[in-house]
Amino acid sequence: MAAATATSVLLAATAAFAGPFGIKMGAQVKDLKVVEKHDMSAPWEAYSISVPQPNSEFESYMIVLTPQTGVCKVLAIGKTYEDDRYGTSVRSAYDKLKSALSQKYGQPKDYDFLSSGALWKDSEDFAASLDKNERTLASFWSVPLDASNEIADIQLSAEGASLSDTYISLSYELRNFDQCVKLKDSTDNNGL
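Below is a short write-up of the structure. (Residues numbered from 1 in each chain as written. Predicted model: local features only at pLDDT ≥ 70, side-chain atom pairs only at ≥ 80, totals over all residues. Heavy atoms only, no water.)

### Let's talk about the overall build of the protein chain
If you tally the helices and strands in the protein chain, you get four helices and eight strands. Of the regular secondary structure in the protein chain, the N- to C-terminal order runs α-β-β-β-β-α-β-α-β-β-β-α. Counting only residues that meet the buried cut, the protein chain has 40% of its 192 residues in that class. In the protein chain, once contacts between residues fewer than 6 apart in sequence are set aside, the share between residues at least 24 apart is 57%. For the protein chain, the exposed surface amounts to about 10,900 Å²; the carbon and sulfur share of it is 52%. Measuring between centres, the 18 positive side-chain charges of the protein chain sit 5 Å from its 26 negative side-chain charges. (Helix = DSSP H or I, 4+ residues; strand = E, 2+ residues; numbered from the N terminus. Buried < 20%, exposed > 50% of the residue type's maximum accessible area, 1.4 Å probe, protein only. Contact = heavy atoms within 4.5 Å. Areas by Shrake-Rupley, 256 points an atom, 1.4 Å probe, with all protein chains shown as cover. Lys, Arg positive; Asp, Glu negative; His and termini not counted. Charge placed at Lys NZ, Arg CZ, Asp CG, Glu CD.)

Written out as structure tokens, the structure is:
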């Protein structure tokens with residue numbers, strides 16, 4: 001009985017410190033369920049993975065890491081909303097996720113605008129304006145440092161997949177992301 005209780009406490013503690021979608025900061029590739037490796041400039045590595053705690057809005061997940069730091073960034077790519085020219089479906093999904101993230105991490109900085117001089121400016125051009133980078137719908141969180149949180153920054157955004165299709169992207173930069181950037185910069189500067 002004591003062993004079962006100790007195991008339950010250990011599992012609860014591990015879950016409390018798990019990162020986004022159950023991916024822990026610093027995790028190594030050998031500890032993850034890799035689906036596919038992606039090409040990146042050394043020392044960064046990127047992989048599509050299966051996550052322990054998926055969200056029904058997303059259909060794929062990626063991680064960025066270096067061998068020295070382990071996982072430093074987690075990305076989620078949402079399902080495609082086909083024929084969403086007015087952006088109704090993507091806005092609904094965006095608002096739902098923004099609300100859930102705001103309850104957990106506080107109020108974000110929001111950006112919701114159409115670029116000056118945009119060609120795709122009519123209401124039925126919402127997906128097209130996202131696809132052509134003429135519209136921004138994004139929220140950013142800078143997460144306060146505390147012992148139970150491995151997340152530094154979060155970005156939620158609506159994206160265009162075509163002139164009529166949309167999707168959501170969500171990325172988490174973990175507390176060790178700056179170390180990943182420094183390693184990348186150091187590697188890039190070696191050849192100068």
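### Here's the deal with the state of the cysteines
Applying the stated criterion across every chain, the model contains one disulfide. What pairs with Cys 72 in a disulfide is Cys 180, and their sulfur atoms sit 2.2 Å apart. Classification of the bridge connecting Cys 72 and Cys 180 rests on its S-S torsion, roughly -120°, and on that basis the disulfide is left-handed. Of this pair, Cys 72 sits in strand E4 (residues 70-78) while Cys 180 is found in helix H4 (residues 177-190), placing the two residues 108 residues apart along the sequence. Judged by relative accessible area, which is 0%, Cys 72 ranks as buried. On the accessibility criterion, Cys 180 (0% relative accessible area) is buried. (Disulfide = S-S within 2.5 Å.)

### Some thoughts on the environment of Pro 43
Here Pro 43 is to be found in the loop between strand E1 (33-38) and strand E2 (45-50). The class of Pro 43 is buried, set by a relative accessible area of 14%. Taking the C-alpha atoms as reference, Pro 43 lies 9.4 Å from Ser 186; in sequence the two are 143 residues apart. When sequence neighbours within four positions are dropped, the list of residues in contact with Pro 43 reads Leu 65, Thr 66, Pro 67, Leu 183, Lys 184 and Thr 187.

### Considering the nonpolar core
The biggest cluster of nonpolar side chains holds 34 residues, and the ones touching the most others in it are Phe 21, Ile 63, Val 71, Leu 170 and Tyr 172. Of all the secondary-structure elements, those providing two or more residues to this core are E2, strand E3 (58-66), E4, helix H2 (88-105), helix H3 (126-131), strand E6 (135-142), strand E7 (151-160) and strand E8 (166-174). Ignoring anything within four residues of it in the chain, the contact list for Val 71 reads Ile 23, Lys 24, Met 25, Gly 26, Ala 27, Leu 32, Ile 63, Val 64, Leu 65, Leu 174 and Asn 176. In terms of nonpolar packing, the next biggest core, distinct from the first, is built from five residues, Val 64, Cys 72, Phe 177 and Cys 180 among them. (Core = buried A, V, L, I, M, F, W, Y, C linked by side-chain atoms within 4.5 Å.)

### Notes on unusual backbone geometry
A cis amide bond links Ala 42 with the next residue in sequence, Pro 43, at an omega value of 5°. Of note in the backbone geometry, Asp 83 takes a positive phi value of approximately 50° without being a glycine. Inspection of the secondary structure puts Asp 83 in the loop between E4 and H2. Taking the relative accessible area as the measure of exposure, Asp 83 reaches 61% and is therefore exposed. In this structure, Asn 133 is a non-glycine residue whose phi angle is positive, near 55°. Along the polypeptide, Asn 133 turns up in the loop between H3 and E6.

### Here we look at the pattern of salt bridges
Tallied over the entire structure, the rule returns five salt bridges. Among the salt bridges present, the one from Lys 24 reaches Glu 150, with a minimum N-O distance of 2.8 Å. Of this pair, Lys 24 sits in the loop between helix H1 (2-16) and E1 while Glu 150 sits in the loop between E6 and E7, and the two are 126 residues apart along the sequence. The class of Lys 24 is partly exposed, set by a relative accessible area of 42%. Across the pair Arg 91 and Asp 112 runs a salt bridge, and its minimum N-O distance is 3.4 Å. Here the residue Arg 91 occupies a position in helix H2, and Asp 112 occupies one in strand E5 (residues 109-114), the gap between them amounting to 21 residues. Arg 91 gets classed as partly exposed once you look at its relative accessible area, which sits at 27%. (Salt bridge = Lys/Arg side-chain N within 4 Å of Asp/Glu carboxyl O.)

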